[in-house]
Every structure is written in C-alpha cells, then in structure tokens.
Amino acid sequence: MRDLVAGMTYLAKGQRWVGRNRRQWGFGLLPGLITLVGYAAAIVALVIWADDFVGWATPFADGWGSPWLGLFRGALTTVFFGGCLLLSVISFTAVTLLVGQPFYESLSERVDLAEGGSAPESGLPLWRELWISARESLAVLVRVALWGVLFFALGFVPVIGQTVIPVIGFCVSGFFLAEELTAVALQRRGVPLKERLAMLRSRKLLTLGFGVPVALLFLVPFVAVFVMPGAVAGATLLVRDLMGETVEGEGEGVESPQPRPFP
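Right, let's walk through the structure included here. Bear in mind the structure is a predicted one, so any value in this text is a computation, not a measurement. (Residues numbered from 1 in each chain as written. Predicted model: local features only at pLDDT ≥ 70, side-chain atom pairs only at ≥ 80, totals over all residues. Heavy atoms only, no water.)

Turning our attention to the overall build of the chain. In terms of helices and strands, the chain carries 9 helices and 0 strands. Written out in order from the N terminus, the α and β elements of the chain read α-α-α-α-α-α-α-α-α. Taken over C-alpha atoms, the radius of gyration comes to 20 Å for the chain, in line with the 18 Å a tight globule of 263 residues would show. Over its C-alpha atoms, taken along the principal directions, the chain stretches across nearly 70 × 35 × 30 Å. The 263 residues of the chain split such that 47% are buried. In the chain, 20 positive and 20 negative side-chain charges are present, and the distance between their average locations comes to 2 Å. (Helix = DSSP H or I, 4+ residues; strand = E, 2+ residues; numbered from the N terminus. Rg over C-alpha atoms; globule rule 2.2 N^0.38 Å. Buried < 20%, exposed > 50% of the residue type's maximum accessible area, 1.4 Å probe, protein only. Lys, Arg positive; Asp, Glu negative; His and termini not counted. Charge placed at Lys NZ, Arg CZ, Asp CG, Glu CD.)

Here it is as structure tokens:
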C-alpha cells in the first residue's frame, strides 16, 4: 500500500513543481491544446454514433422484447464507450507527447536538474527521438486496443461485464498511461519499451497509484491539457524512484546548470 500512496504523491509533487515553475507549465500547455481540438471532435462523434454501432454489432438481439433489448444494448454501449475512452486517454497522451516532444523533454530535464543536479541525455538527434517515440507509442496503442477488444467481449458477461470489467479497464488504462508519461524520462536514459514495461510491472502499485488518478483526470479533456505538464514532471520523479537515483535537492529552483532551452 505504501507504493500505491507514493504513486499518488508523485502526481501531486509534479503539479506542485510546475506550479513553482510557471514558464515551463505555460509552454507545456501548447501541445495539449493543439491535440485537444481533434479529440474533442472525435468524442462528439463517439457520443452520437455509439448506440448505432452497438446495434449494428448485435443484430441477434433485434427481436428481443422490452426491457431486455434496452438493458442489454445499453450495457454494451457503456462498455464500448468505456473501451473507446480507455484508448482515447492513452492515445491522447501519446499524440500530445509526440507533438510536444521538445517541450516535455526539456521540462523533464529541468526536473532532473532540480532534483539531482544532472540530467541524463539520450545523445540522439531530435528526428531519431521522434521516430523512436512514435514507434513505441504505436506499440503501446496496439496493446491497449487488444485489451479494449477483450473488455468489449467480456462486456457480454452479465453483471461482471458492467461492474468489474470497467474497473479493470481503468487499471489497465492507468498502467499504460503511466508508461507513456514515464517514457519521456526513461527514453533519455536509454531504456527501451520492453524494459520500461518490465520495470513498471515490477512496481505495479506504484505505477497504478500514479497512472489511475491521471487516467481519471484525463477523462475530462480540458483537465487533461492543464494536468499534462505536471503529469510529465511527476512521471520524471517516479522514474527517479524506479531507477534508484538519489535526490539531492528539493527542486525549488532550476537555474543552474541549464538544460536545453524551450523552443
């Protein structure tokens, strides 16, 4: 349970860090605002057509009487909508991090400098970092999509499909969301996706303590934009815990030494 609470604490610490460093928070908002426009349109479309999709996918229930048809398709619509939200939360984070790679990498470096006096660097050119980030984010999204299909299928199971499965879905969403956010700091340390996943699985409660609250916050699009910079800062602090790196300061200032400047 200590790890679970510690994970939640890192999210709060990240928000406090960007609160003390307002310029980094301001720059960190830009990628989220850009990504939000597209996702807002997608969510509206999902709300409008979710019922139609579930009806198309369950033609065998067309002859069912009331109230069973409404209850059945209503429950499936809930599960389907939840699965799409799971995928959208992860993909929103992945796309935002990709769009804002230079911003978030610089922010993560500043957190490292404030906490430990040094910031690991990948040594790769920006285009190479973007390619690796895009490729690994796609691999994560494929995993999330497979989980989403599984949860949709399990949604057909009475009672459990409408109660337990959505809870498990949030936990899975939180885990992969934590992976996407910690990737900013771990990629700078040269840790590939397979090792990152193994590292996070080795501290599941810490990962879920950080990722699940972020997933819940990210369900509200506008909140996601404002929380994202602090989530990246908190994820960097979490990475320092996972890597066993010693904290040398409280992070009150980041003036010296200087990381790469924001674009």
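Taken together, the side chains of W147, L150, L154, V157, V159, I160, V164 and I168 present a nonpolar region at the surface, about 640 Å² in accessible area. Contributing elements (two or more residues each) for the nonpolar patch: α5 (126-154) and α6 (160-188). Relative to the elements of secondary structure, V159 occurs in the loop between α5 and α6. (Patch = residues over 30% accessible without salt bridge, like charges linked within 9 Å, V, L, I, M, F, W, Y side chains within 5 Å. Areas by Shrake-Rupley, 256 points an atom, 1.4 Å probe, with all protein chains shown as cover. Salt bridge = Lys/Arg side-chain N within 4 Å of Asp/Glu carboxyl O.)

Moving on, we get to the nonpolar core. Ranked by size, the top nonpolar core spans 52 residues in total, and within it F176, L177, L181, F210, F218, M228 and V232 carry the most contacts. Tallying contributions element by element places helix α9 (residues 221-242) first for this core, with 12 residues. The residues touching V232, leaving out its near neighbours within four places in the chain, are L97, Y104, L107, L181 and V184. Listed in part, the 7 residues of the second largest apolar core include A50, V54, A61 and F80. (Core = buried A, V, L, I, M, F, W, Y, C linked by side-chain atoms within 4.5 Å. Contact = heavy atoms within 4.5 Å.)

Another point: the pattern of salt bridges. This structure, assessed with the given rule, holds 7 salt bridges. Between D3 and R203 there is a salt bridge, with the nearest N and O atoms lying 2.8 Å from each other. Pair noted here: D3 is in helix α1 (residues 2-20) and R203 is in the loop between α7 (193-202) and α8 (204-218), with a separation of 200 residues, a long-range link. Owing to a relative accessible area of 24%, D3 belongs among the partly exposed residues under this scheme. Measuring nitrogen to oxygen at the nearest pair gives 2.9 Å for the salt bridge that ties R189 to D112. A residue pair is termed long-range when its members are at least 10 positions apart, and R189 in the loop between α6 and α7 and D112 in helix α4 (residues 101-116) qualify at 77 residues. Residue classification places R189 among the buried positions, given a relative accessible area of 15%. Shared partners join several salt bridges into a network, and the residues in it are D112, R188, R189 and R240.

Now for the packing of aromatic side chains. Counting across every chain of the model gives 7 aromatic pairs. Every member of this aromatic cluster is reached through a ring pair, and the members are F60, W64 and F72. (Phe/Tyr/Trp six-rings, centres within 6.5 Å; stacked < 30°, edge-to-face > 60°.)

Let us now look at the side chain of E136. With respect to the secondary-structure elements, E136 resides in helix α5. A polar side-chain atom of E136 sits 2.8 Å from a polar atom in the side chain of R196. Excluding residues within four positions of it along the chain, E136 makes contact with Q187, P192, L193 and R196. (Polar contact = N/O pair within 3.5 Å; in protein donor to acceptor, adjacent residues only side chain to side chain.)

A word on the packing of helix α2 (residues 22-57) against α4. At a minimum axis separation of 9 Å, α2 and α4 run at an interaxial angle of 150°. In terms of their interaxial angle, α2 and α4 are classed as roughly antiparallel. Crossing handedness for the pair α2 and α4: left-handed. Contact residues: α2 offers Q24, F27, G28, P31 and G32, while α4 offers F103, Y104, L107 and R110. (Axes fitted to C-alpha atoms, helices over the stretch in contact; angles between N-to-C directions. Parallel < 35°, antiparallel > 145°, perpendicular 65-115°, else oblique. Left-handed = near helix turned anticlockwise from the far one by under 90°.)

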